[in-house]
Amino acid sequence: MQALFAGIDGFVSELSPAITDTSPRSPGDILAVPRVTKGTILVREQNTDLSSQYEQLLADEQRLIIRRNIALTKDPGELQLAQESVLGIQRQIENMRKRMQDLELKSPMSGALVAPDLESRKQAFLKVGEKVGLVASLDKLIIRAAAANELGGLDTESQVEIRVDGQPELLLTGHAHQAAAGSTQLPSAALGYQVGGEFNTSPEDRQGTQTTENYFEYRIDQIEVKEPRAAVERWKSTGRLPLLPGQRVVVRFNLGSKPIASQVWTSLLQLFQRKFHI
């Protein structure tokens, strides 16, 4: 998975037909998302200041070339200086062309384009470094889940249930593996309280990923579709999960039963971690 960022300030002037082409590629393909290939131009920006500078450089190049040609026939003493001026302006033009290439946002890899609001952003202003979307392979998806300290005693490998936000009829299962403990950096801002998640984030963090308390990160793989039957059959026939990169899901952990003494010890450890931010 690779993110797509604006390389330069500019207004969106053109969107590739791939942005709006969400037709299934096969009868069993249920994911209506654009499929793109590496190098495909997805968005073209327009920067009038950059275009004006480029036109001015081209005009200056022509003026200096005329000056060089005159020196070639009438004033050989100024020929070297005129030639150096031409080469200098041509280097500036080449640098400007490289900058203008950043006005074209190209797909960094082949895969599915996930940019839900991109189609509605024509003529919108993009700031350099602004995230436009992401391109990801759908062949192998991994879910990254954040869990509070209450799940600190979870087994190293546990089977979990997965529900897709907005699709309550869809049930999936997978295996959770603890990836990090005592972290304060969420995998995505979507898990933060400010945008509907369950974790309180620091008000000083503009990215919305810095939590106020430690949490455990789990990665879920070996994902299978369990319900409904139609989705199960499509998954078995195509091998594609009905999930998209960046999509929000709810993961249910099965904690099982523990002896009272074990529960008390776990609670004390969690209190200690919260107090001392371990």
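For the structure, check the block above.
Now for a description of the structure that goes with this document.

Calculation criteria
Residues numbered from 1 in each chain as written. Predicted model: local features only at pLDDT ≥ 70, side-chain atom pairs only at ≥ 80, totals over all residues. Heavy atoms only, no water. Helix = DSSP H or I, 4+ residues; strand = E, 2+ residues; numbered from the N terminus. Buried < 20%, exposed > 50% of the residue type's maximum accessible area, 1.4 Å probe, protein only. Contact = heavy atoms within 4.5 Å. Areas by Shrake-Rupley, 256 points an atom, 1.4 Å probe, with all protein chains shown as cover. Pairing = 2+ DSSP bridges. Expected span 1.5 Å × (residues − 1).

Turning to the overall build of the protein chain, a few remarks are in order. Along the backbone of the protein chain there are five helices and 13 strands. Per-residue burial over the protein chain gives 36% buried out of 278 residues. In the protein chain, of all internal contacts separated by at least 6 residues, the share reaching a separation of at least 24 is 76%. Only carbon and sulfur atoms are counted for the fraction: they give 50% of the accessible area of the protein chain, which is about 17000 Å².

Within the open sheet, the four strands sit side by side as β1-β8-β6-β3. Their pairing is antiparallel. The open sheet has two free edges, formed respectively by β1 (2-5) and β3 (35-36), since each of these has just one partner strand.

What follows deals with helix α3 (residues 79-101). With 23 residues, α3 ought to run about 33 Å at 1.5 Å a step, and its terminal C-alpha atoms sit 33 Å apart, in line with that. Every buried residue belonging to α3 is among Ala82, Val86, Gly88, Ile89, Ile93 and Met96, and all of these are buried. Along its buried surface, α3 packs onto α2 (48-74).

The next thing to look at is the side chain of Thr173. Within the secondary structure, Thr173 sits in strand β11 (residues 167-185). Residue Thr173 is classed as buried on the basis of its relative accessible area, which comes to 10%. Residues in contact with Thr173, not counting those within four places in the same chain, are Gln159, Val160, Ile162, Gln222, Ile223, Glu224 and Lys226.

It is worth spelling out the environment of Met1 at this point. Inspection of the secondary structure puts Met1 in the segment before β1. A C-alpha to C-alpha distance of 7.0 Å links Met1 and Leu134, two positions 133 residues apart in sequence. Residues within four places of Met1 in sequence aside, it is in contact with Met109, Leu134, Val135, Ala136 and Pro245.

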